[in-house]
Amino acid sequence: MATFWDLEEKQIDLGDGNTVTIRKLTFADMAKIWADAELFGGPEQTFQQRFATALTKQSVIAWSGPGFEGRGVSKENIDALPWRIVTKISEVASDFSILDDDTKNASSADTK
């Protein structure tokens, strides 16, 4: 069983030999996201996109594969990713960091 000091990691397969490794976010990581003035500095219609980008930037710790060749993990390189990749990473990172196992299991349980 993991303890609070053992931050879990997860690998996301993007296909074509490309993978991204994310880490489970801490309370401080989430507080940093929520305190970012840029998150609230735009139109309400694009809040979700700004949140997804911030979550991705905090979560990604490594990537590998031919699609990433010559580009290390950085905020600038994450900004250069196609939106569909950022969306995929942020969806996995959100579930991985925010939902605990009990919540995941309850949300997928048959309620009949």
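If you're wondering where the values come from, they're calculated on a predicted model, not measured in any experiment.

Let us now look at the sheet that holds strand β2 (residues 18-23). On the basis of which strands lie adjacent, the open sheet formed by 3 strands has the order β1-β2-β3 and antiparallel pairing. Only two strands of the sheet have a single neighbouring strand rather than two, namely β1 (9-15) and β3 (60-64). Each neighbouring strand pair of the sheet contributes to a mean axis angle of 20°, computed without reference to strand direction. Pairing of β2 with β3 involves 4 bridges; the strand directions are antiparallel. Directly across from Thr-21, in β3, lies its bridge partner Ala-62.

The next thing to look at is the confidence of the model for the chain. Detailed conclusions should not be drawn from predicted coordinates in areas where pLDDT is low. On average, residues of the chain carry a pLDDT of 87, and 83% of them reach 70 or more. Averaged pLDDT values for the elements of the chain fall to 52 in helix α5 (residues 101-108) and rise to 98 in β3.

Turning our eyes to something else, we now look at unusual backbone geometry. Phi at Asp-16 takes a positive value of approximately 55°, unusual for a residue other than glycine. Structurally, the position occupied by Asp-16 is in the loop between β1 and β2.

Let us now look at helix α2 (residues 47-59). For α2, spanning 13 residues, the distance from its first C-alpha to its last is 18 Å, which sits close to the expected 18 Å at 1.5 Å a residue. All of the buried residues in α2 are Phe-51, Ala-52, Thr-53, Ala-54, Leu-55, Thr-56, Gln-58 and Ser-59. At its buried positions, α2 is contacted by β2, α1 (27-35), β3, α3 (75-79) and α4 (83-98).

Criteria and thresholds
Note that residues are indexed from 1 along each chain, following the sequence as it is written. Given that this is a predicted model, residues contribute local features only at a pLDDT of at least 70 and side-chain atom pairs are listed and counted only at 80 or more, while totals for whole chains, interfaces and linings are drawn from all residues. Calculation of side-chain values draws on the structure's entire complement of heavy atoms; hydrogens and water are dropped beforehand. A pair of strands counts as paired when DSSP detects no fewer than two bridges linking them. A run of DSSP states H or I qualifies as a helix once it reaches four residues; a run of E qualifies as a strand once it reaches two. Both are numbered from the N-terminal end. Here the axes come from fitting lines to C-alpha atoms, over the contacting stretch only for helices, and the angles between their N-to-C directions go from 0 to 180 degrees. Predictor confidence is given residue by residue as pLDDT, running from a minimum of 0 to a maximum of 100. A helix's residues, less one, multiplied by 1.5 Å, set its expected span. Accessible area is worked out with a 1.4 Å probe on protein chains only. A residue is then buried under 20% of its type maximum, exposed over 50%, and partly exposed in between. The criterion used for residue contact is that any of the two residues' heavy atoms lie within 4.5 Å.

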